[in-house]
Amino acid sequence: MTNIKIMEVEIHHPNKVVENQFYIDHFRKQKKEITHFLEIMGRDKRYIIDDPKENSFTMGLEASKRVLKKSGLTSNDIDMIVFSTQTPEYTFPTNAMLIHQALRGKNQTICMDSNSNCAGMVVAVEQTCRYMLGNPQIKYALVIGSDYNSINCNPDDEITFSNYGDASSAVILEKVEDKVGFIDSQYYSDSREAKNVLFPAVGLSNLYNKDIKNTDVHIKWIPFDGTCVVKPAVESMEEMIKKHNLTKKDIVAYCLSQFSYKNIQLIQEELQEDMNKMIYVGDEFGYTGTSSPFLALYRGIEQGKIKRGDHLFFWSVGTGWQICTMLFKF
């Protein structure tokens, strides 16, 4: 049986750690109290870029080097590079091409960037798995997720500025003849409030307008009820469990979006699952956007909660909004 497995996963984050108290003090100066908000979101610390030479590309490159070293592969083994980001350092060339250049990849490598916002790396892995199954020339793929979010947050907006952190993750996907790997996925899109979150707020066509203020370029976030994603997430998971003749006891771990601890709790409650199966890293990393479910995967493996042969769910939600739920046998 031909399938696509996650061979290895690695992560990278900046050295600087910023704790909650910094943001609490920052917003108290604006007469805003965010202590309860940070508790709901599940925040404690987050890694923030403070080196002008570091960005989404350099973080992704470092994670890529680490995962190649761990896997024992070289860039010549990689047939496809996919770079998932919503904060690309460059729009052309693609960041995947720059990764290819830095790693000295072979000429036959497929290179592309992907953007599904915060659902991005889940979508990129899902789409790459499906492509690999249909292309006999692809044996190994490198999928990278990296967002430099902190620089794009408005310091006057508590929802983004106090919530986001910076980090990257990279996985090696391998085509194997085995019963482990990618099983299925399901999407759910609701675009009725697609403009609740905009970046850049004024649109790219207005970036050079001399009348635009710096704050107009930052992420624009109109508050909305983020718990609206819980019901379709739970329904997608339950449908796939039933479709593949599994039970909830077969699911060992859930690597979910780390945007909100409250949402993870609600999903756990609706599924009537054990909270220990919900891998949570948002207290350490803050919210890192595209990479967050794979930071959870990395920590889950590191902590011994996820082992080969375990059934996992990956789930995340992209601005707009769109959820992607993916079932894997790790």
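Conventions used here
- Residues numbered from 1 in each chain as written.
- Predicted model: local features only at pLDDT ≥ 70, side-chain atom pairs only at ≥ 80, totals over all residues.
- Heavy atoms only, no water.
- Disulfide = S-S within 2.5 Å.
- Buried < 20%, exposed > 50% of the residue type's maximum accessible area, 1.4 Å probe, protein only.
- Helix = DSSP H or I, 4+ residues; strand = E, 2+ residues; numbered from the N terminus.
- Polar contact = N/O pair within 3.5 Å; in protein donor to acceptor, adjacent residues only side chain to side chain.
- Pairing = 2+ DSSP bridges.
- Axes fitted to C-alpha atoms, helices over the stretch in contact; angles between N-to-C directions.
- Contact = heavy atoms within 4.5 Å.

This model, assessed by the stated rule, comprises zero disulfides. With no disulfide of its own, Cys255 lies closest to Cys324 among cysteine sulfurs, the gap being 14 Å. A relative accessible area of 0% means that Cys255 is categorised as buried. Cys324 takes part in no disulfide bond, and the closest cysteine sulfur to it belongs to Cys129, at a distance of 10 Å.

What follows deals with the environment of Asn209. Along the chain, Asn209 falls in the loop between strand S9 (197-198) and strand S10 (220-221). What makes Asn209 partly exposed here is its relative accessible area of 33%. Distance from Asn209 to Thr74, taken between C-alpha atoms, is 45 Å for residues 135 residues apart in sequence. In terms of polar contacts, Asn209 uses its side chain to reach the backbone amide nitrogen of Asp211, at 2.9 Å.

Bringing the sheet that holds strand S11 (residues 251-256) into the picture now. Across the sheet, which stays open at both edges, the four strands sit in the order S8-S13-S12-S11 with mixed pairing between neighbours. Only two strands of the sheet have a single partner each, and these edge strands are strand S8 (181-189) and S11. Neighbour to neighbour, the strand axes of the sheet diverge by 15 degrees on average, direction disregarded. Relative to strand S13 (residues 322-329), S8 runs antiparallel, the two sharing eight bridges. By the bridge assignment, Ser189 is partnered in S13 with Gln322.

Right, let's talk about the sheet that holds strand S1 (residues 2-12) for a bit. Across the sheet, which stays open at both edges, the five strands sit in the order S1-S7-S6-S4-S5 with mixed pairing between neighbours. At either end of the open sheet lies a strand with only one pairing partner, and these are S1 and strand S5 (110-114). Shown here is a sheet whose adjacent strand axes are inclined to one another by a mean of 15 degrees, direction ignored. Bridge count for strand S6 (residues 140-147) against strand S7 (residues 167-177) is eight bridges, and the pairing is antiparallel. Bridge pairing in S7 places Ser146 opposite Ser168. The strands that helix H3 (residues 56-71) touches are S1, strand S4 (80-84), S6 and S7; relative to S1, the one it contacts most, it runs at about 120 degrees. Its contacts with the sheet place helix H10 (residues 292-302) against S1 and S7, and it is angled at close to 90 degrees to S1.

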